[in-house]
Structures are given as C-alpha cells and as structure tokens.
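If you want the building blocks of each chain, they are given just below.
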Amino acid sequence: MRKLQKSLTETEQFVVIQELSSTSFDSLSEEEKTVIFEKISQIVSHPESEKFYYGKVFSGCVQFIKAKLLDDQTKHFKGDLSKIKGKFERVLSVKDIAQMAGLEYFQLRDLSFGKNTSSTLLKFMTFTKKHGLSIEEFMYHPSIVNTAYQYYCMLEKGTTPTPS
C-alpha cells in the first residue's frame, strides 16, 4: 500500500480556504453541527482515520497561514507577482512555520499525527489565532470532516483507501 498523504492537496486547500470565508461552524444549523460531531466521534474511534483527520486539520492550518503570509508579503508589491510568489512559497517551509510558532519541526509534525503535549498545542493555537485563524475552524470544517469520514468509511469496509 502506498504511503498516505495526510496533507491537503492543492485543490482541497483552495476549497477549504474559499469555504472558510463563507462557511463557519457557527453558521451551521444545530442538526448539521450534530452530524459533524457524530462523524468526528467515528473518525477518532479508528487510529488510522484519526491520524488522517488530524493530518488534514494541521496541514490545512499550515497551508492557510502560508497563503496568508504570502498575501501579506505581496499585497503592496508592484510588478510581476508570480516571481515573488514562487520564491516566497519555496522559501517558507513547514519548518519555518513551526519556528515562527515557537515550535520545533518535529513538534508540529507530531501535532499532525494527533500526538504531542498540551503546551505544544497551545503554542500552535496561539500562533494561529495571531494570524486570524483558529484550529477549530479546521477541526469542524465540513470539507475536512467529510473527507476524513469518507476515509474512515473506506477503512471500515475493508477497502484500501487511495492517497488523497
């Protein structure tokens, strides 16, 4: 079986970022919120789907922050943005994001596997909040939850999930 890619694909990043601006958890009906919580309960009941879910949540946060930082860097730039965007994206790595959050790379990586200390989680939560984002927005985001739930269902059926 090929190694599972836990990070958000480029298409998923675009969808989630677009939906974050229009769909917040608070705007969902009580019934929709209940469905989200039920799905999350099932997802975290299976170790592999739980890892997959946390990977989607934390990679989504990191990608969103990278995009926001890129936008902040380029909004006053006059000229060809493709040159600076390409350079900035290559230079800003997950390790850079971890350091900006006051973490080591391995600590941020471990968060994406659903394990680490509460102080690490709190540091990352503070960092994301500083950049106008909360982890909860990704944890309860319908697109991320539904993707992880589909993965969970495939695991439960015994089918081999394909990397996403």
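Residues numbered from 1 in each chain as written. Predicted model: local features only at pLDDT ≥ 70, side-chain atom pairs only at ≥ 80, totals over all residues. Heavy atoms only, no water.

## Notes on the packing of aromatic side chains
For any pair of aromatic rings, the description consists of the separation of the ring centres together with the inter-plane angle of the planes.
Phase 1: Overall, the coordinates contain seven aromatic pairs when judged by the stated rule.
Phase 2: Each ring, one from Phe52 and one from Tyr151, has its centre 4.1 Å from the other, and the planes form 10°; the classification is stacked. Placement of Phe52 in helix α3 (residues 47-74) and of Tyr151 in helix α9 (residues 142-157) is noted, with a sequence separation of 99 residues between them. Assigned by exposure class, Phe52 and Tyr151 land together as buried.
Phase 3: Considering the side-chain rings of Phe64 and Phe138, the 6.0 Å spacing of their centres and the 70° angle between planes classify their relative orientation as edge-to-face. On the criterion of sequence distance, the pair formed by Phe64 in helix α3 and Phe138 in helix α8 (residues 135-139) is long-range, its members being 74 residues apart.
Phase 4: Taking the relative accessible area as the measure of exposure, Phe64 reaches 17% and is therefore buried. (Phe/Tyr/Trp six-rings, centres within 6.5 Å; stacked < 30°, edge-to-face > 60°. Helix = DSSP H or I, 4+ residues; strand = E, 2+ residues; numbered from the N terminus. Buried < 20%, exposed > 50% of the residue type's maximum accessible area, 1.4 Å probe, protein only.)

## Brief notes about helix α6 (residues 105-112)
Phase 1: Inspection of α6 places Gln107, Leu108, Asp110, Leu111 and Ser112 among the buried residues, and these make up the whole buried set.
Phase 2: Note on α6: the residue one or two positions beyond its end, Gly114, has a positive phi of about 80°.

## Section: the nonpolar core
Phase 1: Core analysis: the biggest nonpolar cluster contains 33 residues, and Tyr53, Val57, Phe58, Ile97, Leu108, Phe124 and Phe138 have the highest contact counts within it.
Phase 2: Of all elements in the fold, only α2 (30-43), α3, α5 (94-100), α6, α7 (118-130), α8 and α9 reach the threshold of two or more residues within this core.
Phase 3: A total of 10 residues in this core trace back to one element, the largest contributor, which is α3.
Phase 4: With sequence-adjacent residues up to four places away left out, Val57 is seen in contact with Ile135, Phe138, Met139 and Ile144. (Core = buried A, V, L, I, M, F, W, Y, C linked by side-chain atoms within 4.5 Å. Contact = heavy atoms within 4.5 Å.)

## Let's talk about a nonpolar patch on the surface
Phase 1: A surface patch of nonpolar side chains, about 260 Å² in accessible area, is lined by Val94, Tyr105 and Phe106.
Phase 2: Relative accessible area serves as the criterion here: at 31%, Val94 is assigned to the partly exposed category. (Patch = residues over 30% accessible without salt bridge, like charges linked within 9 Å, V, L, I, M, F, W, Y side chains within 5 Å. Areas by Shrake-Rupley, 256 points an atom, 1.4 Å probe, with all protein chains shown as cover. Salt bridge = Lys/Arg side-chain N within 4 Å of Asp/Glu carboxyl O.)

## A closer look at α7
Phase 1: With 13 residues, α7 ought to run about 18 Å at 1.5 Å a step, and its terminal C-alpha atoms sit 18 Å apart, in line with that.
Phase 2: In the segment just after α7, Gly132 is the residue with positive phi, at about 75°. (Expected span 1.5 Å × (residues − 1).)

## Topic: the packing of α2 against α9
Phase 1: At a closest axis distance of 9 Å, the pairing of α2 and α9 adopts a crossing angle of 40°. Judged on the interaxial angle alone, α9 and α2 are oblique. Read as a crossing pair, α2 and α9 show a hand that is left-handed. Between α2 and α9, the contacting residues are Ile36, Lys39, Ile40, Gln42 and Ile43 on the first element and Pro142, Val145, Asn146, Ala148, Tyr149 and Tyr152 on the second. (Axes fitted to C-alpha atoms, helices over the stretch in contact; angles between N-to-C directions. Parallel < 35°, antiparallel > 145°, perpendicular 65-115°, else oblique. Left-handed = near helix turned anticlockwise from the far one by under 90°.)

## Observations regarding the pattern of salt bridges
Phase 1: For the structure shown, the criterion picks out two salt bridges.
Phase 2: In this structure, Lys33 and Glu30 form a salt bridge, with 3.7 Å as the shortest nitrogen-oxygen distance. Separated by three residues within a single helix, Lys33 and Glu30 lie in helix α2, roughly one turn from each other.
Phase 3: In this structure Glu30 comes out as exposed when scored by relative accessible area, which is 58%.
Phase 4: A salt bridge links Arg109 to Asp110, with the nearest nitrogen and oxygen atoms 3.3 Å apart.

Any functional reading would require information beyond the geometric quantities listed.
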